[in-house]
Amino acid sequence: ASSLDKPTATFIAHDASMTQVLVDEALRMYTASDDATICVWDLKLDKRVCDRDKCLHVYQGHADGILALAKGGVLLYSGS
C-alpha cells in the first residue's frame, strides 16, 4: 500500500459535515462546514491530529451552512 492510502493528519473542529476546503500560498487551510463556521489551520505545524484548540481562528456569523469559499489577496469570501 502506498503512503497515499493513509491520512497524514486529521482535523477535528466542525460540528457538521465539511463543505469546502481551501489552501493558500502561505500553507493556511480554511475548512468550511454545514455548522456555519470556517476554521483556519496552519499546515506548517507538524501535527497528526488537530482539534479545535489548535485552530488559528474560527469565523462565525453565517445563518446556514457554508457552500462557497474563496480567497483573493488578504480577503476571505464565503457564502451560505
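Everything below is about the structure shown above.
Figured I'd write up the structure that's included with this text. (Residues numbered from 1 in each chain as written. Predicted model: local features only at pLDDT ≥ 70, side-chain atom pairs only at ≥ 80, totals over all residues. Heavy atoms only, no water.)

1. Quick look at the pairing of strand E4 (residues 38-42)
For E4, the tally of buried residues reaches 4 of 5 residues, placing the bulk of the element in the interior. Bridge analysis of E4 against strand E6 (residues 57-59) gives 3 bridges, and the strand direction is antiparallel. In the strand pairing of E6, Val40 is matched with His57. (Buried < 20%, exposed > 50% of the residue type's maximum accessible area, 1.4 Å probe, protein only. Helix = DSSP H or I, 4+ residues; strand = E, 2+ residues; numbered from the N terminus. Pairing = 2+ DSSP bridges.)

2. Thoughts on the pairing of strand E8 (residues 75-79)
In the sheet, strand E7 (residues 68-72) pairs with E8 via 5 bridges, with the strands oriented antiparallel. By the bridge assignment for E8, Leu69 is matched with Ser78. If you look at the hairpin formed by E7 and E8, you'll find 2 residues sitting between the two strands, and Gly73 has a positive phi there, around 65 degrees.

3. Considering the pattern of salt bridges
The tally for this structure, following the rule as stated, stands at 2 salt bridges. Across the salt bridge formed by Asp24 and Arg28, the nearest N and O atoms sit 2.9 Å from each other. Judged by its relative accessible area of 7%, Asp24 falls in the buried class. On the basis of relative accessible area, Arg28 is assigned to the partly exposed category, the value being 28%. Taken together, the shared-partner salt bridges connect Asp24, Arg28 and Lys71 into one network. (Salt bridge = Lys/Arg side-chain N within 4 Å of Asp/Glu carboxyl O.)

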